[in-house]
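Observations on the model geometry
In case you want the letters, here they are:
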Amino acid sequence: QVALRVTNNFYDHIQVFWVDFKGKEILKGTHKHGATFTQTTWIGHPWTFRLKDTGELLLHYIPYRIIPTIPEVPTVHPEDPDTGIHQFV
């Protein structure tokens, strides 16, 4: 499993969608600037992030298996080493 945690550092509201196995976007939430969204998901399950007002695609993300790297940039959850962390800016 992957702990998907998104902090909206974008200037506007974003919408977070899980993409089902038929390719349909399922809205999981709308988040204002500074808000954090947390969701458990699985490797291979796709997500999209869009601007709320325009629908512009910001990111298409598919969690993948990661390998721990260095302490300064952890890639595993500090309380659960079986849960990976991916970070985007």
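Below you will find a few notes about this structure. Here the structure is a predicted model, which means the values were calculated and not measured.

Criteria and thresholds
Sequence order sets the numbering: in each chain, residues are counted from 1 along the sequence as written. Thresholds applied to this predicted model are a pLDDT of at least 70 for local features of residues and 80 or more for the giving and counting of side-chain atom pairs; totals over whole chains, interfaces and linings are not thresholded and use all residues. Calculated side-chain values reflect all of the structure's heavy atoms, with hydrogen atoms and water omitted. What we call a nonpolar core is a set of buried Ala, Val, Leu, Ile, Met, Phe, Trp, Tyr and Cys residues that are connected through their side-chain atoms within 4.5 Å. Relative accessibility thresholds used throughout: buried, under 20% of the residue-type maximum; exposed, over 50%; partly exposed, between the two (1.4 Å probe, protein chains only). Put simply, DSSP marks the helices as runs of H or I at least four residues long and the strands as runs of E at least two long, and each gets a number from the N terminus on. Contact between two residues is taken to exist if any of their heavy atoms lie within 4.5 Å; hydrogens are not considered. What makes two strands pair is DSSP finding at least two bridges between them. Axes here mean lines fitted to C-alpha atoms, for a helix over just the part in contact, with angles spanning 0 to 180 degrees between N-to-C directions.

1. Some thoughts on the nonpolar core
With nine residues, the main nonpolar core is built from Leu-4, Val-6, Ile-14, Val-16, Trp-18, Phe-37, Trp-47, Phe-49 and Tyr-61. Among the secondary structure elements, those contributing two or more residues to this core are strand E1 (2-7), strand E2 (14-19) and strand E5 (47-51). Top element by residues in this core is E2. It accounts for three residues. Aside from chain neighbours lying at most four places away, what touches Val-6 is Ile-14, Ala-35, Thr-36, Phe-37 and Phe-49.

2. Re the sheet that holds strand E6 (residues 57-61)
Pairing is antiparallel across the open sheet formed by four strands, whose spatial order is E3-E2-E5-E6. The open sheet has two free edges, formed respectively by strand E3 (25-31) and E6, since each of these has just one partner strand. On average, each strand axis in the sheet is inclined to that of its neighbour by 20 degrees, with strand direction left out of account. Two elements, E5 and E6, share four bridges in a ladder whose sense is antiparallel. Paired with Phe-49 across the two strands is Leu-59, which belongs to E6.

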